[in-house]
Each structure stands twice: as C-alpha cells, then as structure tokens.
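A closer look at the structure
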Amino acid sequence: MLRLRRLWVSLRSSFWFVPGLIVAGSAGLAVGLIELPAEGLEDQLMRWPRLFGAGPEGARSILSTIAGSMMSVVGVTFSMTLVTLALASSQYTSRILRNFMADPVTQVVLGVFAGIFTYCLILLRTIRGGEDGGFVPRVAVLTAVGLAIGSIAVLIFFIHRIASSIQASSIVSAVASETMGAIKRLFPERIAAGAPTSEDAVEGAVSERRWQTVAARGNGYIDSIDSAALLAVARAHQGVIRMEQGIGAFVIHESALVSISLPEPASEEVVAALRNAFSLSRHRTTDQDVAFGIRQIVDIALKALSPSVNDTTTAIICVDYLTAIMHLLAGCSVPSKLRYEDGELRVIALRPDFPELLAAAFDEIRANATGNTAVLLRLLWSLQVLAGVTDSPRRRKAILEHLDAIAELAERSLPAAHDRRQVGERLASVRGKVDVASG
C-alpha cells in the first residue's frame, strides 16, 4: 500500500501522467467518431454546405491547420510553464517547484492541447479522396473544429492562471492549503476542552530492552512511513519497534533506520519488512511531512526578509499562513509516541510535536526580522492567536518562550524608542493573556 501511494504521489506531480491520459482519451474519441454510424447526422450537416460541406482536401486543410496550431500552442504553454518555474524558484524558493508541477490545471491544459493534436493526426490518416471512393468523417471533423475553438478559451484561462499563481499570496496559500490538508489527514481527532495532550517522553519505555538495529539500504529523505506495517511486524513477533529516523529525516546508507526488540535475533524476513515500511526519496513531500510544508513557507519569508529583497509584506503574508497552520495543529490531538495494542507496547514512534513545529515556523523568521517592527508585531499577534486555542501547559510554555525571545530581540535591535514601546505594549498584552489562561 505504501508503494502504491508513493507511486500515485509521484505520478500526480509529473508533467506526463495526466497529459498522457488525455492524449489516450483523445485518440479513443477520434477512433470512436470515425467508426460512428452517423449517416443521418451527416445528411443533416450537408444541408449547410457552406459550413459543413468540406470535401477531402478541405477537411485535410482544416485538420492540418488545427494540428499545427496545437503544436505551436503546446510549445508556448511549455515555455510559459518553464519561465514560471524559473521565476518562482529564483524569487521564492526551489522547494515550491513540485507544487507547480503537481498543479492539475497546468497538467490538464497541456493534455488538452496535446490531445487535440493527436485527435487531428488520427483523423488525417482516415480521410480519402479520388475515384475509388472518398471518405470524410464530417462529425469527427466538426468535433475537431469545436475542440479548436474551445482550446482558445483554455489558453486564455491558462494565461490568467499563470499570472495569478505567480503572486506571493497565491503561492503561500497553496502551500498552506496542502499542509493543512496533511494535518487533517494525519491528525483527524480534535482536542476536547481541558483534555491532556499526548506529548510524552519515551525514556522509560526503552531503558531495559535489548535492541537490534536495522540499517538503511540507501540514501535519501524519508517521505512516508507505513505505521500499520510496523505495528503488524511487532504484533506478529511479540516485540517492540523503535523508529530511529522520522518523517523528513535524511537517511545515510548503513545508518540506523529502525530498531527492534525481540526475544531472539530478527530474521531476514523481519528485517526486510521493517525496511519496506520506510520509503526513501530524493526530496521531501508534504504528504506525511507537515514540517516540510512549514519549511517551504519559512523559506519564502526568509527570502523576503533578505537585504536584497526586503519585502516585509510577503514576510507578513507568510506569518499569517503559518499562524493558520499552527492554529489548526493546536486544536489537533497528536497521537502518542508510544503505540500500545492490548496493553502491550508495540511501537515507539518519532514525530514532531507542537513546540517543535512552532519553533520551525517562527524561530528563523524572528531571527531574520532584526529591526523589523512590523514583522515582530505580527509574530506577537500570531502567538496571541495560538495561546487562545490551546490550554496545554507544555504548548503554552513554548509560546511564552517565543514571547521572551521576541522581547529580547526587540530590546536589542529596535533603535527607535517609539518602536520599542509599541512592541513592549503588545508583549505585555499578549503575555498577560497567556498567563491568565495558564493560571
């Protein structure tokens, strides 16, 4: 199941899979319309000879013109897409390129143009003229004309889409939506008011066990883990499995991937099953890696805060969407690192908790916002929002630590007394709300 999901994610982010399906469908449509018994319909079309009465040469001319135009449009579309990818990579971050490549609209547009070309090419082979009897599939030719007219609307829509998608707010919103979708899928349960969180320590669960380490057989990032497979192995052999590497980690060949504690040494079959539960890739994906979605937005914010760009507005947009992500995560019940079955410990998982993800979202932005009052005030607003949706002592402690860090940075980097006073007043207000809620 893990391999199938990984294959689907890879296909979904490729430029050839969806266009290939559309081209195959266009070929099937062409064959179907050619073989369609439509004598009655073609007689009706012949009543308007100026519109639908083209002979073999006229039909060939129409289809040749459409096919040639479609190939030109495909080239223009690919060029626009590549220019957009290059611009987004240089202006924002190269880690968002997969988001553009996985955009279904771009894939469908490319498929439509290539599909119309294929459709016309198949029709051209069937048109015959001469004394031995001509054949012109008028319904199919009329359909080609309709598809060509429709492709004009598709091209205009694509140009509008490209112009909209390159804006910073659109890019950050798309990454945030994908990340929040992963959060809802990975952590579907919500925390009830006053319920404890599951951010627990694991030291006591591993101190008195003997572990056999399973090494990785390759280099790459862990982009997905089959937790059900790990639990099944632990159950079948009455043992305990401990993850040594978590989602998003870079694994080096022969380094520790996972450990297992069994009454006797694990067999080759068990070792192979454990390795197969981890999927390694050349790059990270957001499918199971919430931290990677946060990382992409942080990269955009850091680029905006760099002296060469100095785009405070884009940095604030990134902080806003990071707040939306953390707001959703703050209300989620994160599964325990200790996975039990029938009262027996089976899996010790590795996963980032709320304080770690909060640090990933705001630490680097705060460090690069030296002297930037607007960004510091926005970070304070974010912490105030997050404090209002969680009553976990550990999570509130993390929020207070970020408040202390902002206070220290503001005092050290803001030269104007007015700016320091403004940040100080907001700090006092947020800190008072956090302390009251904590108490």
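Residues numbered from 1 in each chain as written. Predicted model: local features only at pLDDT ≥ 70, side-chain atom pairs only at ≥ 80, totals over all residues. Heavy atoms only, no water.

Turning next to the pattern of salt bridges. As enumerated under the stated definition, the model contains 14 salt bridges in all. Note that Asp 289 is salt-bridged to Arg 284, the shortest N-O span being 2.8 Å. By relative accessible area, Asp 289 is classed as buried at 4%. When salt bridges that share partners are traced, they join Arg 295, Asp 299 and Glu 364 into one network. (Salt bridge = Lys/Arg side-chain N within 4 Å of Asp/Glu carboxyl O. Buried < 20%, exposed > 50% of the residue type's maximum accessible area, 1.4 Å probe, protein only.)

As a further point, take the packing of helix H13 (residues 290–305) against helix H14 (residues 312–330). Contact geometry for H13 and H14: axes closest at 8 Å, N-to-C directions at 160°. The angle between H13 and H14 falls in the class roughly antiparallel. Crossing of H13 over H14 shows left-handed handedness. The residues of H14 that touch H13, namely those facing Ile 294, Ile 297, Val 298, Ile 300, Ala 301, Ala 304 and Leu 305, are Thr 314, Ala 315, Cys 318, Leu 322, Ile 325 and Met 326. Taken together, the residues of the contact of H13 with H14 break down into twelve nonpolar, one polar and no charged. (Axes fitted to C-alpha atoms, helices over the stretch in contact; angles between N-to-C directions. Helix = DSSP H or I, 4+ residues; strand = E, 2+ residues; numbered from the N terminus. Parallel < 35°, antiparallel > 145°, perpendicular 65-115°, else oblique. Left-handed = near helix turned anticlockwise from the far one by under 90°. Contact = heavy atoms within 4.5 Å. Nonpolar A, V, L, I, M, F, W, Y, C, P; charged D, E, K, R; others polar.)

What follows deals with the packing of aromatic side chains. Taken as a whole and judged by the stated rule, the model has two aromatic pairs. Ring geometry for Trp 16 versus Phe 17: centroids 6.0 Å apart, planes at 90°, classification edge-to-face. Overall, the relative accessible area of 56% leaves Trp 16 in the exposed class. Ring centres of Tyr 221 and Phe 250 lie 5.0 Å apart, and the angle between their planes is 65°; this geometry places the pair in the edge-to-face category. Of this pair, Tyr 221 sits in strand S2 (residues 220–225) while Phe 250 sits in strand S4 (residues 250–251); the two residues are 29 residues apart in sequence, bridging distant segments of the chain. Judged by relative accessible area, Tyr 221 falls into the partly exposed class, the value being 28%. For Arg 242, the ring lying beneath its charged end belongs to Trp 211, and the centroid distance is 4.4 Å. Here Arg 378 stacks its cationic end above the ring of Trp 381, 4.2 Å away from the centre of that ring. (Phe/Tyr/Trp six-rings, centres within 6.5 Å; stacked < 30°, edge-to-face > 60°. Lys NZ or Arg CZ within 6 Å of the ring centre and 35° of its normal.)

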